[in-house]
Amino acid sequence: MTLHLPKKVTIVEVGPRDGLQNEKSFIPTEVKKQFINRLKNAGIKEMELTSFVSPKWVPQMGDATEIVADCLDSTTRNIVLAPNQKGIDRVLETNCKAVAVFVGVSNTFNKKNINKTTEESLEELKPIIKNLKDQNFFVRACISTSFYCPYEGKIEEEDTLKLCSEFVAAGVDELSIADTIGMASPGESYSLFTKIKEAFPHTLINAHFHDTRKMALTNIFAALQAGVDRFDTSAGGLGGCPFAPGATGNVATEDVVYMLDRMGIETGIDLTELVKAVDMVAPYLSRKIDSTYYRLQHA
Ligand code: HMG
Ligand code: MG
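Residues numbered from 1 in each chain as written. Chains lettered and ligands numbered in written order. Predicted model: local features only at pLDDT ≥ 70, side-chain atom pairs only at ≥ 80, totals over all residues. Heavy atoms only, no water.

### Brief notes about the overall build of the protein chain
Across its full length, the protein chain carries 12 helices and 10 strands. Rg of the C-alpha trace for the protein chain: 17 Å, near the compact-globule value of 19 Å for 299 residues, within the 12% margin. Considered along the principal axes of its C-alpha atoms, the protein chain spans approximately 50 × 50 × 35 Å. Taking all 299 residues of the protein chain together, the buried fraction comes to 57%. Summarising the internal contacts of the protein chain: among those between residues at least 6 apart in sequence, 74% fall at separations of at least 24. Looking at the protein chain as shown, the accessible area adds up to about 12500 Å², and 51% of this sits on carbon and sulfur atoms. If the 33 positive side-chain charges of the protein chain are averaged to one point and the 39 negative ones to another, these points end up 2 Å apart. (Helix = DSSP H or I, 4+ residues; strand = E, 2+ residues; numbered from the N terminus. Rg over C-alpha atoms; globule rule 2.2 N^0.38 Å. Buried < 20%, exposed > 50% of the residue type's maximum accessible area, 1.4 Å probe, protein only. Contact = heavy atoms within 4.5 Å. Areas by Shrake-Rupley, 256 points an atom, 1.4 Å probe, with all protein chains shown as cover. Lys, Arg positive; Asp, Glu negative; His and termini not counted. Charge placed at Lys NZ, Arg CZ, Asp CG, Glu CD.)

What follows is the structure, encoded as structure tokens:
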């Protein structure tokens with residue numbers, strides 16, 4: 001069998017956002033900034049820094065403005081999340097030029113996460129995306145519950161594809177296809193990503209796997225076979241959406257980079273520096289770091 005693999009993969013680091021958003025105790029802003037800088041030192045070139053969501057809903061992200069004020073640079077694509085016009089207004093007060101909007105395929109999840117149906121979110125986001133593109137922003141759409149929903153169960157591929165096509169028509173640069181509760185199988189990953197790559201040849205396609213059932217690496221391998229060469233990962237395997245019960249960490253950046261290194265696929269990321277970044281933030285976290293690469297480094 002011949003494997004179809006890219007020479008290079010782009011890692012979009014989501015640790016400072018997805019990784020930290022679910023931490024119950026507030027992590028000092030200075031620690032978050034250091035974490036971000038350490039990740040950049042490790043070679044990360046695209047990163048979700050924070051999110052401009054309601055601090056009542058996600059208090060951990062309440063310092064988004066301060067984070068962005070100090071963490072922009074010209075060599076990294078520094079992305080921030082925003083769910084609505086109010087979030088975008090806050091982003092426009094900063095110098096950030098890359099935004100991620102997010103919406104679930106499943107209505108129930110969307111209501112729990114952003115208090116709107118999928119359709120209502122889409123209608124609100126379409127003009128927002130147009131305005132951002134008119135101002136030369138990079139815009140990504142994170143498509144939650146692309147495979148399974150914690151409330152509605154299995155999501156049909158055609159529903160995910162339909163929502164993706166709405167965002168592509170609205171003008172996004174990238175789709176980040178999320179397995180929010182880490183339930184996709186490698187077969188489902190290969191099948192959906194094959195269809196998405198075929199349907200949207202001019203859009204960046206990114207796979208965002210949570211590792212709840214330890215299937216993320218095999219799902220990434222399957223997505224690579226389908227032609228995906230961009231992955232959202234989180235240093236230390238931190239992560240989880242507060243409004244998706246049972247969703248645990250994102251796949252760990254170090255485990256993905258290690259696997260890709262061993263396959264001869266370039267990422268530009270230095271594993272030693274990456275582990276140092278995790279070491280720096282670890283004492284401030286409520287959970288133990290349990291990525292395989294990190295554990296072996298500290299055995
Ligand atoms: P709402 O309560 O319906 O908002 O929340 P509202 O429009 O009714 O406004 C209520 C109040 O919130 C008002 O203030 C607004 O100004 C304020 P008041 O008049 O009462 O003083 N408000 C805001 N404040 C700051 N920033 C804002 C904002 N918007 C309104 N942007 C809302 C709706 C969307 C705001 C809320 O549901 C929310 O913030 N949700 C965010 C949930 C979240 O962050 N989830 C995690 C990220 S998504 C994720 O992790 C999944 C992903 O990783 C992919 C995957 O794995 O699936 C991306
Ligand atoms: Mg996520």
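We are not done yet, so read on.
### Some thoughts on the site of ligand 1
Every one of the 27 residues lining ligand 1 counts as a neighbour, but Gln21, Ser54, Asn115, Ser144 and Thr180 are closest to it. Arg17 is positioned with one of its side-chain polar atoms (N or O) 2.9 Å from an oxygen atom of ligand 1. The contact in question runs from a nitrogen atom of ligand 1 to an N or O atom on the side chain of Arg90, over 2.9 Å. Calculation on ligand 1 without its partners gives an accessible area of 1100 Å², and the protein chains cover 74% of this total. Among the elements of the structure, helix H1 (15-21), helix H4 (85-92), helix H5 (107-114) and strand E5 (138-144) are those that each provide at least two residues to the shell around ligand 1. Split into classes, the residues belonging to the shell around ligand 1 amount to 12 nonpolar, 10 polar and five charged. (Near = heavy atom within 4 Å. Polar contact = N/O pair within 3.5 Å; in protein donor to acceptor, adjacent residues only side chain to side chain. Nonpolar A, V, L, I, M, F, W, Y, C, P; charged D, E, K, R; others polar.)

### Focus on the coordination of the magnesium ion (ligand 2)
Within the protein, the magnesium ion (ligand 2) binds to Asp18 (OD), His208 (NE2) and His210 (NE2); these donor distances fall in the range 2.0 to 2.3 Å. Sequence positions of the donors to the magnesium ion (ligand 2) reduce to the motif D-x189-H-x1-H. With Asp18 in helix H1 and His210 in the loop between strand E9 (204-209) and helix H9 (216-225), this pair connects stretches of sequence that are 192 residues apart. An identical accessibility class is assigned to Asp18 and His210; each is buried. (Donors = N, O, S within 2.8 Å, 3.2 Å for Na, K, Ca; no water.)

### Examining the packing of helix H6 (residues 118-134) against helix H7 (residues 157-170)
Interaxial distance between H6 and H7 falls to 9 Å at its minimum, and their mutual angle equals 20°. Here H6 is positioned roughly parallel relative to H7, judged by the angle of their axes. The two elements H6 and H7 meet at a crossing, and its hand is right-handed. Together, Thr118, Leu122, Leu125, Lys126, Ile129 and Lys130 of H6 and Leu163, Glu166, Phe167 and Ala170 of H7 make up the contact between the two elements. Classifying every residue of the contact of H6 with H7 gives six nonpolar, one polar and three charged. (Axes fitted to C-alpha atoms, helices over the stretch in contact; angles between N-to-C directions. Parallel < 35°, antiparallel > 145°, perpendicular 65-115°, else oblique. Left-handed = near helix turned anticlockwise from the far one by under 90°.)

### Here we look at helix H10 (residues 253-262)
For the α-helix, the turn length of 3.6 residues means that residues three or four positions removed from each other point alike. In terms of burial, H10 is a largely internal element, seven of the 10 residues being buried. Taken as a whole, H10 has its buried residues at Thr253, Glu254, Asp255, Val256, Val257, Met259 and Leu260. Gly264 lies just past H10 and shows a positive phi near 75°.

### Observations concerning the sheet that holds E9
Where strands meet in a sheet, backbone hydrogen bonds hold them as pairs that are either parallel or antiparallel. Strand order in the closed barrel made by the eight strands is E1-E2-E3-E4-E5-E8-E9-E10, with parallel pairing throughout. Each strand of the sheet is rotated relative to its neighbour by a mean of 25°, with strand direction disregarded. Bridge count for strand E2 (residues 46-51) against strand E3 (residues 77-81) is five bridges, and the pairing is parallel. What sits directly across from Thr50, in E3, is Val80. Set on the sheet, H5 makes contact with strand E4 (98-104) and E5; between it and E4 the angle comes to about 130°. (Pairing = 2+ DSSP bridges.)

### Some words on the confidence of the model for the protein chain
Taken as a whole, the protein chain shows an average pLDDT of 97; of its residues, 100% reach a score of 70 or greater. The lowest-confidence element of the protein chain is helix H12 (residues 292-297), averaging 96 in pLDDT; the highest-confidence one is strand E8 (residues 174-179), averaging 99. (pLDDT = per-residue confidence, 0-100.)

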